[in-house]
Amino acid sequence: MRNQSTEQFSGLPYIYGLLNCLICAWYGTPLVSPDNLLVTTVNSVGAVFQLAYIVLFVMHTEKEKKFRMLGCILTVFGLFAIIVIGSLLILDLQLRRIIIGSLSCASLISMFASPLFIINLVIRTRSVEFMPFYLSLSTFLMSASFFLYGTFSFDLFIYVPNGIGTLLGVVQLLLFAYYKNSSTGDSTERLVVSYPFTYAER
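Residues numbered from 1 in each chain as written. Predicted model: local features only at pLDDT ≥ 70, side-chain atom pairs only at ≥ 80, totals over all residues. Heavy atoms only, no water.

On the surface, Met-1, Leu-51, Val-55, Leu-56, Met-59 and Phe-77 cluster together into a nonpolar patch covering about 560 Å² of accessible area. No other element matches helix α2 (residues 37–60), which puts 4 residues into the nonpolar patch. Structurally, Leu-51 can be placed in helix α2. (Patch = residues over 30% accessible without salt bridge, like charges linked within 9 Å, V, L, I, M, F, W, Y side chains within 5 Å. Areas by Shrake-Rupley, 256 points an atom, 1.4 Å probe, with all protein chains shown as cover. Salt bridge = Lys/Arg side-chain N within 4 Å of Asp/Glu carboxyl O. Helix = DSSP H or I, 4+ residues; strand = E, 2+ residues; numbered from the N terminus.)

Put into structure tokens, the structure is as follows:
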């Protein structure tokens, strides 16, 4: 907003984050899984944030990217509509829960895999310049909270992906502690940064 430009950053992580939040929010509804309304609440708020990021991105990006982002948004809502309608056609509630739970689990695991790029980047450059501490900390706390929530509610579709996210969060925090003193202000090479909320293209 300060620069009035999205520079070389990509809007795709926000698009993917929106789809992930929508699928997880749908999984938490009573129509799919009972007693998981907290999951719907948290992911609904997350979807609103992602949508806000997308609106800001569209406002400040080039014309070509505007149309591309609008097309992606329509694709996300179209795909989500197909998932919702398709799942409602499955009359067996247990089967519906398994299918949507598997989709949300796969979506979360693939999202949590993104920090692997950052971890590789930190080790390669011996710098935490591209791994913000508070983002790593909040990711760890969120993953750990939902890991415990899924464990106590015996919901493997929640504790499995968030268990993976918790481990990756611990690795990021350990790397931050190890490399923070060796970080420099400027990077010596142009790097591709891939992360759900900090994703840049060449």
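For the rest of this paragraph, the subject is the nonpolar core. With 27 residues, the main nonpolar core has Ile-15, Trp-26 and Ile-54 as its most contacted residues. Among the elements of the structure, α1 (12–27), α2, α3 (63–88), α4 (93–112) and α7 (156–179) are those that each provide at least two residues to this core. With 9 residues, α1 is the largest single contributor of residues to this core. With near-sequence residues (within four places) excluded, Trp-26 lies in contact with Leu-31, Val-32, Phe-80, Ile-83, Val-84, Ser-87, Leu-88 and Ile-100. Core analysis: the next-biggest nonpolar cluster, separate from the first, contains 14 residues, Phe-112, Ile-119, Phe-176 and Tyr-179 among them. (Core = buried A, V, L, I, M, F, W, Y, C linked by side-chain atoms within 4.5 Å. Buried < 20%, exposed > 50% of the residue type's maximum accessible area, 1.4 Å probe, protein only. Contact = heavy atoms within 4.5 Å.)

In this section: the packing of helix α6 (residues 133–152) against α7. Between α6 and α7, whose axes approach to 7 Å, the crossing angle comes to 150°. By the angle between their directions, the pair α6 and α7 is classed as roughly antiparallel. For the crossing formed where α6 meets α7, the hand is left-handed. Residues Phe-133, Ser-136, Leu-137, Phe-140, Met-142, Ser-143, Ala-144, Phe-146, Phe-147, Tyr-149, Gly-150 and Thr-151 of α6 form the contact with α7, whose participating residues are Ile-158, Tyr-159, Asn-162, Gly-163, Gly-165, Thr-166, Gly-169, Val-170, Gln-172, Leu-173 and Phe-176. A breakdown of the residues in the contact of α6 with α7 according to their chemical character gives 13 nonpolar, 10 polar and no charged. (Axes fitted to C-alpha atoms, helices over the stretch in contact; angles between N-to-C directions. Parallel < 35°, antiparallel > 145°, perpendicular 65-115°, else oblique. Left-handed = near helix turned anticlockwise from the far one by under 90°. Nonpolar A, V, L, I, M, F, W, Y, C, P; charged D, E, K, R; others polar.)

This paragraph deals with α2. Its 24 residues place the ends of α2 35 Å apart at the C-alpha level, agreeing with the 34 Å of an ideal helix rising 1.5 Å per residue. Of the residues making up α2, those classed as buried are Val-39, Thr-40, Asn-43, Gly-46, Ala-47, Gln-50, Ile-54, Phe-57, Val-58 and His-60. (Expected span 1.5 Å × (residues − 1).)

Looking now at the packing of aromatic side chains. Evaluation of the coordinates by the stated rule reveals 7 aromatic pairs. With 6.3 Å between their ring centres and 35° between their planes, Phe-49 and Tyr-53 make a pair best called tilted. In this pair, Phe-49 and Tyr-53 are both assigned in helix α2, 4 residues apart and thus about one turn of the helix distant. An angle of 45° between the planes, with centres 5.0 Å apart, marks the rings of Phe-133 and Phe-176 as tilted. One end of the pair, Phe-133, is in helix α6; the other, Phe-176, is in helix α7, and 43 residues separate them in sequence. What links up through ring pairs into an aromatic cluster is the set Tyr-14, Phe-49, Tyr-53 and Phe-57. (Phe/Tyr/Trp six-rings, centres within 6.5 Å; stacked < 30°, edge-to-face > 60°.)

The next thing to look at is unusual backbone geometry. Backbone geometry at Gln-4 places phi at a positive 55°, although glycine is not the residue there. Structurally, the position occupied by Gln-4 is in the segment before α1. According to the relative accessible area criterion, Gln-4 is exposed, its value standing at 54%. Unusually for a residue other than glycine, Phe-154 sits at a positive phi of about 55°. Looking at the element boundaries, Phe-154 is found in the loop between α6 and α7. On the basis of relative accessible area, Phe-154 is assigned to the exposed category, the value being 72%.

Looking at the protein as a whole, the pLDDT averages 82, with 88% of positions reaching at least 70. Within the protein, the element-level pLDDT minimum falls on helix α5 (residues 115–125), averaging 75, and the maximum on α2, averaging 91. This stretch, residues 185–202, has a pLDDT under 50; its non-local contacts, to residues over four places away or in other chains, come to 46 contacts. (pLDDT = per-residue confidence, 0-100.)

For the rest of this paragraph, the subject is the packing of α1 against α4. In contact at an axis separation of 9 Å, α1 and α4 are set at 150° when each is read in the N-to-C sense. Classed by the angle they form, the pair α1 and α4 counts as roughly antiparallel. In this structure, α1 meets α4 at a crossing whose hand is left-handed. Two secondary-structure elements touch here, α1 through Tyr-16, Asn-20, Ile-23, Cys-24, Trp-26 and Tyr-27 and α4 through Arg-97, Ile-100, Gly-101, Leu-103, Ser-104, Ser-107, Leu-108, Ser-110 and Met-111.

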